[in-house]
Amino acid sequence: MTDRPAADFAGDPADVAYFEHLVDAHVTRAFVKVMRVLPSEPRCRLCRAPFGGGGGRVMRRFGYGPSRKNPTICNTCFEGAPMGGVETEIGVLFADVRGYTSLSETMAPDDVALLMNRFYAAASKVLTRTAIVDKLVGDEVMALYLPPLIGANWEDQLIRDASDLLSAVGYGTNEEPWLDLGIGIDVGRAYVGNVGAGDVKDFTALGDVVNTAARLLSAATGGQVVMSERLYDRLGTPPEKATVATLDLKGKKDPEPARVLDLNTVSTS
């Protein structure tokens, strides 16, 4: 089993306690044991509640259906979190369709919807292997990487997912890309949890790492992954073809050291 990095949470003691339970045996061993014998796969990767078969139909009635943020985790383990959050280390990925406004002007609305649904399907398939899909909004996808839910060398999952998502739309393959897509990724500390008011709440992340990842995305052209230098330095297997860049990012006082991986120059053949 892959070792999980120790949770490094800071914040209100009640919120910290909740998140520690979320990622570290937040349900009893007896519960997990019972869930494992209920049919059938796939299951929540935290509490082992079944999503398939008769067991899945039963557990859905009690709130253990797949989360809309990541179908490998159940609603109770994830979206059932109370209002509030913690400060912790995360990874952030933004993927954006380049030239979406022009695209919308030249295509029929139904065709735009079909194209974007194809993009959302590809992004969800790639990202939910390890990430939490925070948002699917218009021409953009945002995903969060929570180290305690992923395991050792979790930073490498960001570059893997970014590269695989670009490959899924045709970059770095023998096929012509069917979408003009760029990606920005970064790591750092952020506030993570449910924000909102009353019954309106959403699990998300807030902080400089989120803003920086979004600004790195703005520097990416179609087929490029733009990552911060701090992320690159932490990769167990950094991509050899990533080039050095220094970027002037909007809202940032100092230039941002970065690396650019261009799949337009990479072939999988």
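Because the structure is predicted, anything quoted here is derived from the model rather than measured.

What counts, and where the lines are drawn
Residues numbered from 1 in each chain as written. Predicted model: local features only at pLDDT ≥ 70, side-chain atom pairs only at ≥ 80, totals over all residues. Heavy atoms only, no water. Helix = DSSP H or I, 4+ residues; strand = E, 2+ residues; numbered from the N terminus. Contact = heavy atoms within 4.5 Å. Salt bridge = Lys/Arg side-chain N within 4 Å of Asp/Glu carboxyl O. Buried < 20%, exposed > 50% of the residue type's maximum accessible area, 1.4 Å probe, protein only. Phe/Tyr/Trp six-rings, centres within 6.5 Å; stacked < 30°, edge-to-face > 60°. Lys NZ or Arg CZ within 6 Å of the ring centre and 35° of its normal. Core = buried A, V, L, I, M, F, W, Y, C linked by side-chain atoms within 4.5 Å. Axes fitted to C-alpha atoms, helices over the stretch in contact; angles between N-to-C directions. Parallel < 35°, antiparallel > 145°, perpendicular 65-115°, else oblique. Left-handed = near helix turned anticlockwise from the far one by under 90°.

Looking only at helices and strands, one finds nine helices and eight strands in the chain. In the chain, 63% of the contacts between residues at least 6 apart in sequence involve partners at least 24 apart.

Looking now at the pattern of salt bridges. In total, this model carries 13 salt bridges according to the counting rule given. Ionic pairing is found between Arg230 and Glu256, a salt bridge with its closest N-O pair at 3.1 Å. Taken together, the positions of Arg230 in helix 9 (residues 229–234) and Glu256 in strand 8 (residues 256–262) put the pair 26 residues apart, joining distant regions of the chain. Judged by relative accessible area, which is 34%, Arg230 ranks as partly exposed. On the basis of relative accessibility, which here comes to 8%, the residue Glu256 falls in the buried class. Through salt bridges with shared partners, a single network forms among Arg129, Arg160, Asp161 and Asp164.

In total, this model carries one aromatic pair according to the counting rule given. Plain terms: the ring middles of Phe119 and Tyr120 are 5.8 Å apart, the flat faces sit at 40° to each other, and that makes the pair tilted. Each member of the pair Phe119 and Tyr120 is classed as buried. Over the ring of Tyr232 we find Arg259, and its NZ or CZ is 4.0 Å from the ring centre.

When you line up the elements, Thr204 lands in strand 5 (residues 200–206). Taking relative accessible area as the criterion, Thr204 reaches 5% and is therefore assigned buried. If near-sequence neighbours (up to four positions away) are discounted, Thr204 is found in contact with Asp134, Lys135, Met142, Leu144, Tyr191, Val192, Gly193 and Val195.

This part covers unusual backbone geometry. You will see that Asn153, though not glycine, has its phi angle at about 55°, which is positive. Along the polypeptide, Asn153 turns up in the loop between helix 6 (147–150) and helix 7 (155–168).

The next point concerns the nonpolar core. Formed by 38 residues in total, the largest nonpolar core has its most connected members in Phe119 and Leu127. Among the secondary structure elements, those contributing two or more residues to this core are strand 1 (84–97), helix 5 (109–127), strand 3 (140–145), helix 7, strand 4 (181–197), strand 6 (224–228) and helix 9. Looking at this core, the element that brings in the most residues is helix 5, giving eight residues. In this view, Phe119 contacts Ala95, Val97, Asp139, Val141, Trp178, Leu179 and Leu181; residues no more than four positions away in its chain are not counted. Formed by 30 residues, the second largest nonpolar core is a distinct cluster that contains Cys47, Phe203, Val209 and Ala213.

When two helices pack together, their arrangement is captured by the angle between the axes and the distance separating the axes. Packing of helix 5 against helix 7 brings their axes to within 9 Å, and their N-to-C directions diverge by 150°. Of the possible angle classes, the one that applies to helix 5 and helix 7 is roughly antiparallel. Both helix 5 and helix 7 take part in a crossing whose hand is right-handed. Side by side, helix 5 and helix 7 meet where Ala122, Ala123, Val126 and Leu127 of the first sit next to Asp161, Asp164, Leu165 and Ala168 of the second.

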